[in-house]
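Observations on the three-dimensional arrangement
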Amino acid sequence: MGMTSNMEIVIILQKLLDNRILTKEEFAYLIDHRDDSIPKLVNGKIAMESPRSILQKRANEIRQSVFGNKIYTRGLIEFTNYCKNNCYYCGIRAGNRNAERYRLTEDEIMDCCQTGYELGFRTFVLQGGEDPYFTDERIAQIVRNIKSIYSDCAVTLSVGEHEIETYRLWKEAGADRYLLRHETANDEHYRILHPEEMSASHRRQCLWNLKSLGYQTGAGFMVGSPGQTSAELAEDLLFLNNLRPEMIGIGPFIHHDQTPFASRPDGTKELTLFLLSILRVMFPKVLLPSTTALGTIAADGREQGILHGANVVMPNLSPVADRKKYSLYEHKICTGEEAAECRSCLANRMHLIGCELAVDRGDYQAS
Ligand code: 5AD
Ligand code: FES
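The structure contained in this document is the topic of the report that follows. (Residues numbered from 1 in each chain as written. Chains lettered and ligands numbered in written order. Predicted model: local features only at pLDDT ≥ 70, side-chain atom pairs only at ≥ 80, totals over all residues. Heavy atoms only, no water.)

Let's shift gears to the overall build of the protein. When helices and strands are counted, the protein shows 14 helices and 11 strands. Since a compact globule built from 367 residues should have a radius of gyration of about 21 Å, the 20 Å found for the protein is in line with a globular shape. Counting across all 367 residues of the protein, residues that qualify as buried make up 56%. Looking at the protein alone, contacts between residues at least 24 apart form 72% of all its contacts between residues at least 6 apart. As displayed, the protein has an accessible area near 15000 Å², and 50% of this comes from carbon and sulfur atoms. Between the averaged position of the 42 positive side-chain charges in the protein and that of its 48 negative side-chain charges there is a distance of 4 Å. (Helix = DSSP H or I, 4+ residues; strand = E, 2+ residues; numbered from the N terminus. Rg over C-alpha atoms; globule rule 2.2 N^0.38 Å. Buried < 20%, exposed > 50% of the residue type's maximum accessible area, 1.4 Å probe, protein only. Contact = heavy atoms within 4.5 Å. Areas by Shrake-Rupley, 256 points an atom, 1.4 Å probe, with all protein chains shown as cover. Lys, Arg positive; Asp, Glu negative; His and termini not counted. Charge placed at Lys NZ, Arg CZ, Asp CG, Glu CD.)

Another point: helix α14 (residues 339–352). Compared with an ideal rise of 1.5 Å per residue, which puts 14 residues at 20 Å, α14 spans 20 Å between its outermost C-alpha atoms and is within 8% of the ideal. Listing the buried residues of α14 in full gives A339, C342, R343, L346 and M350. Take α14 and look down its axis: the buried residues cluster within an arc of 100 degrees, on one side only. α14 presents H351 and L352 as exposed residues on the side facing more than 90 degrees away from its buried surface. G354 sits one or two positions beyond α14 and adopts a positive phi of about 80 degrees. (Expected span 1.5 Å × (residues − 1). Arc of directions from axis to C-beta.)

A sheet is described by the order of its strands in space; here six strands give the open sequence β4-β5-β6-β7-β8-β9, paired in parallel fashion. The open sheet terminates on both sides in strands that have one partner only, identified here as β4 (75–80) and β9 (247–252). For this sheet, the mean angle separating the axes of adjacent strands, direction not counted, is 20 degrees. Note that β4 and strand β5 (residues 123–128) share five bridges and pair parallel. Counterpart to E78 in the pairing with β5 is Q127. In this fold helix α5 (residues 136–149) packs onto β4, β5 and β6 (154–158), with an angle of close to 160 degrees to the strand it touches most, β6. Along the sheet, helix α8 (residues 200–212) contacts β7 (177–179) and β8 (216–223); its crossing angle with β8, the most-contacted strand, is approximately 155 degrees. (Pairing = 2+ DSSP bridges. Axes fitted to C-alpha atoms, helices over the stretch in contact; angles between N-to-C directions.)

Another aspect to go through is helix α6 (residues 164–172). For α6, the set of buried residues is T166, Y167 and W170. One side of α6 holds all its buried residues, which, seen down the axis, span an arc of 100 degrees. Summarising the contacts, the buried residues of α6 are in contact with α5, β6, β7 and α8.

On to the pattern of salt bridges, then. In this structure the tally under the stated criterion is 25 salt bridges. The closest approach of N and O atoms between R177 and D363, which form a salt bridge, is 2.8 Å. Of this pair, R177 sits in strand β7 while D363 sits in the segment after β11 (356–357), and the two are 186 residues apart along the sequence. For the salt bridge of R203 with E183, the shortest nitrogen-to-oxygen distance reads 3.5 Å. Taken together, the residues span a long stretch of sequence, with R203 in helix α8 and E183 in the loop between β7 and α7 (187–193) at a distance of 20 residues. The pair formed by R203 and E183 is uniform in burial state, with each residue classed as buried. (Salt bridge = Lys/Arg side-chain N within 4 Å of Asp/Glu carboxyl O.)

For the rest of this paragraph, the subject is the pairing of strand β2 (residues 45–49). Bridge count for strand β1 (residues 38–42) against β2 is five bridges, and the pairing is antiparallel. Following the sheet pairing, P39 is matched in β2 by M48. Turn length for the β1-β2 hairpin, with the two strands adjacent in sequence and antiparallel, is two residues, and the turn residue N43 shows positive phi of about 50 degrees.

Neighbouring residues of ligand 1: Y89, C90, Q127, R181, E183, M222, P252, F253, I254, L328 and Y329. Within the backbone of I254, a nitrogen or oxygen atom sits 2.7 Å from a nitrogen atom of ligand 1. With respect to ligand 1, the backbone of L328 contributes an N or O atom lying 3.3 Å from a nitrogen atom. (Near = heavy atom within 4 Å. Polar contact = N/O pair within 3.5 Å; in protein donor to acceptor, adjacent residues only side chain to side chain.)

Set out below in C-alpha cells:
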C-alpha cells in the first residue's frame, strides 16, 4: 500500500485495540494490510506509521504492564525423538529413516532437572515425539519423581495426542501444564500438513479435554507453513479466542531437508512478530514464548519476540550429546551449548533489552 492511507485499516485496528477481537475477514484484512500507512501527529507534523508498528508498541506496553521486566523461563527436556506420526513438516517424523533416534533414561531426565534447578529453572517441559516406549505409566512415574524431588517446580508435558484417561492419569501424577499446538485450525489446511491418519478435530478435542482436566493448556501454530494464507491465520486466531488457552506457542515454519517439505519456503520473522503482537493484544495475560524457531531464522529473533509481546523463553536442558538429534527443522540454534551456557546467553540477551529472567514457576495468573 506504500504511502496511501486507508480508512478501513484504521477502523479495524482501533476495533482490535478496543475489543481484543475481530471477525475472520477483519483479521485477514489486517494481516494483509499490516504495512499500510496510517497518519498520526508528531510534534505538529503529520507522520505515517504502519499497523505493524502500532501493534508492536501496544503489545510491548501490555507485556510490561502485566509482567514488568520479568521474563519467565522453562527448561526444555527433549527426552525422545522417536515418533509414530508422520507430519510432513517435522524432521523427527517416523518416515525419516535418516534421523538418529535416541531416548533419555529416567536417570538422564532427572539429571537434566537437577542441572536445571541449580540454574534457576522452576518449570520443566518434558517434550518428545509420540513414542510408544514411553507408556502412560512410565510417563506418570517420571512426573511423580520430578514432582517429589522438585515440589516447588511446575511440570509441563508436551507428548502429543492421547486419550482423556491418559491425560487424567498424568494430571493426577502431578503434571501442571500441557503443550499441544493445534498447528492449524482449518481442516483442509491440516490435511496439507498431515497424513490421512491424523485429524484436526481430534487434536482440538485433546485441547478441550486438557482444559477440562484443569491443565494450564498451550495451543499454537506455525507461521508460514505450506499452504497457509491470511484466512487460515485468521481462523487460528478465532480458534484461540474460543479455546482461551493459558499458553500460546507460535514460531515460523522452517524446512527440514529430510521431509516432504524440504523445498518449501520458511516462514518469516516479520509475520511471526506481527502475530505475536496481535496475540498479546488479544490475550494480555497469556504465557507467550519467544521460540527457538524464531531465534533460528533471525539472530535477534528471540529478543524481537519479547519486544513484540512475548514473555517466556524456553532454553534447552537436554544432554548436548543428543541435542542435534532433536532436529524438527534445519539449523536449529543452541545445539552445541550446555544448559548453563544457554541460560547465561539468554540472561545477557534479555539484559540488553532491559529484561530479566525470573526464577519462578511462572504460572498463568487468572485475575
Ligand atoms: N518448523 C517449525 N516448527 C516445527 N515444528 C515441528 N516441525 C517444525 C518445523 N519444520 C513445531 C510444531 C510442533 C512443535 C513441537 O514444533 O508446531 O508442535
Ligand atoms: Fe542457547 Fe544462546 S540461548 S546459546
